[in-house]
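# Close look at the chain arrangement
Next come the chains, spelled out residue by residue.
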Number of protein chains: 2
Amino acid sequence: MYLRSMISVSVIGSGNVASHLISAFLNSTSCKLIEVYSRNIDNITHLEGAVSITNDLKALKPVDVIVIAVSDNAIKDLTQNISLTNTLIVHTSGSVSMKVLKPHKNIGVFYPLQSFNKDKKLNIKKVPFCLETNLETSLVLLEKLGSAISNQIYFIDSEQRKKIHLAAVFANNFTNHMLYHANEICETHNIPFDILKPLIRETIKKIKTGMPLESQTGPAKRGDIETIKNQQKQLIDSQLEIYDTITKSILNTYKING
Amino acid sequence: MYLRSMISVSVIGSGNVASHLISAFLNSTSCKLIEVYSRNIDNITHLEGAVSITNDLKALKPVDVIVIAVSDNAIKDLTQNISLTNTLIVHTSGSVSMKVLKPHKNIGVFYPLQSFNKDKKLNIKKVPFCLETNLETSLVLLEKLGSAISNQIYFIDSEQRKKIHLAAVFANNFTNHMLYHANEICETHNIPFDILKPLIRETIKKIKTGMPLESQTGPAKRGDIETIKNQQKQLIDSQLEIYDTITKSILNTYKING
């Protein structure tokens, strides 16, 4: 493998992550997007002219890096059908092991830690990319590719990546589900959800300057058992279980006897 | 009672909410802060010169509105010691009934829906205020006072206010506790918490344009039982209970068989 000044890259996939990566690579002056693959060519015909498109894995053009941005359970099968041997092959998944890319010899992970939506613009320069390769020399190449589109590059091994994915479930998926229940309570009682938005924004702004451990407020943090009992009475079963579990966890965290 | 063009107001308290209200009233050109009370006069001596200060409830000056901004369980006792009879007396609590202000005849609630911290600046104009009074005529007065410091005035009865407070526990306290666990997972595995912040910001930005029901992502939303099982194995007991409860709730919400 030789390092030219401009890295050549191809993208496998046409979903949310793939779409954002394709745009980012096309807009970057430090790397060159050569080709995009989709099983269904209709998904990528809009790219024709800007980049070579194909639905034939066996005929992929040789490039420095192939980025596989497809759903977790499709990665393995897809990889087996790529016949290029000198190319660095990476996937973009937070939870899939790098090893599924074997028997390719030059493999890695290029995991953007963000929730992507095809139709929503997003400043990719601020998206943290978690990089890992099996070969030291490939890491230099992958870092160059990452730096071509983002300012936030992290070297993260498979074990840490799993933990990040787990932490993200709490930080993203679970917080969103808390907002879902807040919205449900509002809707049930004819309260505009808008009334809560300044509070939600302030809650999140606090992570800029402080740690969640110190930012905690509310009845459980205060050990205000009377308010907790009153609130328990007002909840429907599905909300009550969440309320009780998290309240218990807050009481335990701050060593308050509930 | 007569309506003058400028409402006169006094504040009882010197805590987080009281401090922000005092600043807001002092800065407003549509109302006049007359007096501030604190049981411990040392807490408010810094206000001397700007406003009259006192630690004697019996000697409060007559004003249009007295705002009681003290901790929930202190409101009732305090109220009994106020001897002014024509003044509108309101408290600022989300969870305390308006009725605790009886036997005063002219009572109400002036509840700012925000998490306040004495030492942190905040644009009070954007804070939603939830107003309620027992007399129709007082509501006009209280609306005027609210509008003097905020652009977001809502008329909310006691029953709705309880529900807002409950929704806020989910939207603020519980989301913060999710961030606490995310941070714990990061710290345990030597991962900088910063790596998650862009994702957290994006999660919250979504409430601007969409509803939490539609924004949900993650293994539970996808019905990805394999990832869920893998993640369960990685959690310590206290986190596992939260993980299981919320995962079950997401599966139920989207009618996915777990």
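Please read all numbers here as calculations on a predicted model, not as lab measurements.

## Some remarks on the overall build of chain A
If you tally the helices and strands in chain A, you get nine helices and eight strands. The C-alpha radius of gyration computed for chain A amounts to 23 Å, which surpasses the reference 18 Å derived for 258 residues by more than 25%, pointing to a less compact arrangement than a globule. Oriented by its inertia axes, the alpha-carbon framework of chain A measures out at about 70 × 40 × 30 Å. Counting every position in chain A, which comprises 258 residues, the buried fraction comes to 56%.

## Brief notes about the relation of the copies chain B and chain A
Its rotation angle being 180 degrees, the transformation that places chain B on chain A also includes 0.0 Å of axial translation and leaves an RMSD of 0.0 Å. Given the turn and translation reported, the copies of this chain are related as if by a two-fold rotation axis. No C-alpha of chain B approaches the rotation axis more nearly than that of B:T175, which lies at 2.4 Å. Same-surface contact between copies: 100% of interface residues of chain B are shared with the interface of chain A.

## Some points on the nonpolar core
One finds A:L196 and B:L196 to be the most contacted residues of the largest nonpolar core, which totals 105 residues. Leave out the neighbours within four places in its chain, and B:L196 touches A:L113, A:I164, A:A167, A:A168, A:A171, B:A182 and B:C186. Residues A:I7, A:C31, A:L47 and A:L141 belong to the second largest nonpolar core, which totals 32 residues.

## Side note on the pairing of strand β4 (residues 65-68) of chain A
Residues and elements named next belong to chain A. The alternating pattern of β4 places V65 and V67 and I66 and I68 on opposite faces, both of which are buried. In terms of strand pairing, strand β1 (residues 7-12) meets β4 through four bridges, oriented parallel. When the bridges of β4 are listed, V9 appears paired with V65. In terms of strand pairing, β4 meets strand β5 (residues 88-91) through four bridges, oriented parallel. When the sheet's bridge partners are listed, I68 is paired in β5 with H91.

## Considerations on the interface of chain B and chain A
If you look at the interface, chain B gives 79 residues, while chain A gives 79 residues. Note on chain B versus chain A: buried area summed over both sides is about 8100 Å², and carbon and sulfur give 67% of it. When the buried area of chain B at its contact with chain A is split by residue, B:F170, B:I195 and B:I207 rank highest and sum to 9% of it. Applying the counting criterion to the chain B and chain A interface returns four salt bridges. The interface formed by chain B and chain A holds 32 residue pairs in polar contact (both at pLDDT 80 or more) in total. Ranked by the residues each element gives to the side of chain B that touches chain A, the list is headed by helix α4 (residues 158-188) of chain B, at 25 residues. A class-by-class count of the residues in the side of chain B that touches chain A yields 39 nonpolar, 29 polar and 11 charged.

## As for the confidence of the model for chain A
Scored by pLDDT, chain A comes out at a mean of 93, with 98% of its residues at no less than 70. Both confidence scores are given for the complex: pTM 0.87, ipTM 0.88.

## Observations concerning the packing of aromatic side chains
This model, assessed by the stated rule, comprises 10 aromatic pairs over all chains. Ring plane angle 25 degrees and centroid distance 6.5 Å describe the contact between A:F25 and A:F110, whose orientation is recorded as stacked. Of the two residues, A:F25 is situated in helix α1 (residues 16-27) and A:F110 in strand β6 (residues 107-112); the sequence distance between them amounts to 85 residues. The residues A:F25 and A:F110 share a single accessibility class, namely buried. Arranged with centres 4.8 Å apart and planes meeting at 45 degrees, the rings of B:F110 and B:F129 form a pair that is tilted.

## Let's talk about helix α3 (residues 136-149) of chain B
Residues and elements named next belong to chain B. All buried positions along α3 are accounted for by S138, L141, L142, L145, G146, A148 and I149. Each buried residue of α3 sits inside an arc of 155 degrees when the element is viewed along its axis, so together they form one side. Relative to its buried face, α3 has exposed residues pointing more than 90 degrees away, namely E136 and T137.

## As for the pattern of salt bridges
One pass over the full model with this rule turns up 14 salt bridges over all chains. For A:E132, the salt bridge goes to A:R161, with nearest N and O atoms at 3.3 Å. Of this pair, A:E132 sits in strand β7 (residues 128-133) while A:R161 sits in helix α4 (residues 158-188); the two residues are 29 residues apart in sequence, bridging distant segments of the chain. A:R161 sits in the buried class, given a relative accessible area of 2%. For B:E202, the salt bridge is made with B:K205, and the minimal N-O distance between the two is 3.9 Å. Within this pair, B:E202 and its partner B:K205 are both found in helix α5 (residues 197-209), separated by three residues, close to a single helical turn.

## Describing the side chain of A:S138
Residues and elements named next belong to chain A. Mapped onto the secondary structure, S138 falls in helix α3 (residues 136-149). The exposure class of S138 is buried, given its relative accessible area of 1%. Those residues in contact with S138 that sit more than four places away from it in its chain are L88, N106 and T133.

## Some thoughts on the packing of α4(A) against helix α9 (residues 237-253) of chain A
Residue and element names in this part refer to chain A. For the pair α4 and α9, interaxial distance at closest approach is 12 Å and the crossing angle is 130 degrees. With respect to each other, α4 and α9 are oriented oblique. Both α4 and α9 take part in a crossing whose hand is left-handed. Each of H177, M178, H181, E184 and I185 in α4 lies in contact with α9, whose residues at this interface are Q239, I242 and I246. Taken together, the residues of the contact of α4 with α9 break down into four nonpolar, three polar and one charged.

## Focus on α9(A)
Quick reminder: α-helices carry 3.6 residues per turn. Residues three or four places apart thus point the same way. Compared with an ideal rise of 1.5 Å per residue, which puts 17 residues at 24 Å, α9(A) spans 24 Å between its outermost C-alpha atoms and is within 8% of the ideal. When we look at burial in α9(A), the residues that qualify are A:Q239, A:I242, A:Y243, A:T245, A:I246, A:T247, A:S249, A:I250, A:L251 and A:T253. Elements in contact with the buried residues of α9(A): α4, α6 (212-215), α7 (219-222) and α8 (225-234) of chain A together with α4 and α9 (237-253) of chain B. After α9(A) finishes, the residue A:K255 shows a positive phi value of roughly 50 degrees.

Calculation rules
- Just so you know, the residues in each chain are numbered from 1, in the order the chain's sequence is written.
- Each chain is given a letter, starting from A, and each ligand a number, starting from 1, according to the order in which they appear as written.
- Restriction of local features to residues with pLDDT of at least 70 applies here, the model being predicted, together with a cutoff of 80 or more for giving and counting side-chain atom pairs; totals for whole chains, interfaces and linings are based on all residues.
- With hydrogens and water stripped out, all remaining heavy atoms of the structure feed into the side-chain values.
- Helix and strand definitions follow DSSP, with helices as H or I runs of at least four residues and strands as E runs of at least two, each counted in order from the N terminus.
- Both definitions apply: the radius of gyration is a C-alpha atom measure, and the globule rule equals 2.2 Å times residues to the power 0.38.
- Each residue gets one of three labels from its accessible area relative to the maximum for its type: buried under 20%, exposed over 50%, partly exposed in between, using a 1.4 Å probe on protein chains only.
- Least-squares fitting of one copy onto the other uses the C-alpha atoms of those residues that reach a pLDDT of at least 70 in both copies.
- Contact between two residues is taken to exist if any of their heavy atoms lie within 4.5 Å; hydrogens are not considered.
- Side-chain atoms within 4.5 Å are what join buried Ala, Val, Leu, Ile, Met, Phe, Trp, Tyr and Cys residues into a set we call a nonpolar core.
- A pair of strands is labelled paired if DSSP reports no fewer than 2 bridges between them.
- Accessible area, probed at 1.4 Å, shrinks when two parts are joined; the buried area is that loss added up over both.
- Here, a salt bridge means any Lys or Arg side-chain nitrogen found within 4 Å of an Asp or Glu carboxyl oxygen.
- Polar contact is defined as a pair of N or O atoms within 3.5 Å, subject to the rule that within protein one atom must be able to donate a hydrogen and the other to accept it, and that residues adjacent in sequence are counted only when both atoms are side-chain atoms.
- Under this grouping Gly is polar, as are all residues other than the nonpolar Ala, Val, Leu, Ile, Met, Phe, Trp, Tyr, Cys and Pro and the charged Asp, Glu, Lys and Arg.
- As a per-residue measure, pLDDT tells how confident the predictor is, with possible values from 0 to 100.
- Pairing of aromatic side chains requires ring centres within 6.5 Å, counting the rings of Phe and Tyr and the six-membered ring of Trp. Pairs whose planes differ by under 30 degrees are stacked, by over 60 edge-to-face, and all others tilted.
- What the arc covers is the set of directions going from the helix axis to the C-beta atoms.
- Only the stretch in contact is used when a helix axis is fitted, and all axes are lines through C-alpha atoms; the angle between N-to-C directions ranges over 0 to 180 degrees.
- If an angle is under 35 degrees, it is roughly parallel; if it is over 145, roughly antiparallel; if it lies from 65 to 115, roughly perpendicular; otherwise it is oblique.
- Throughout, a crossing is termed right-handed when the near helix is turned clockwise from the far one, and left-handed when it is turned anticlockwise from it by less than a right angle.
- Given a helix with a known number of residues, its expected span is that number minus one, times 1.5 Å.

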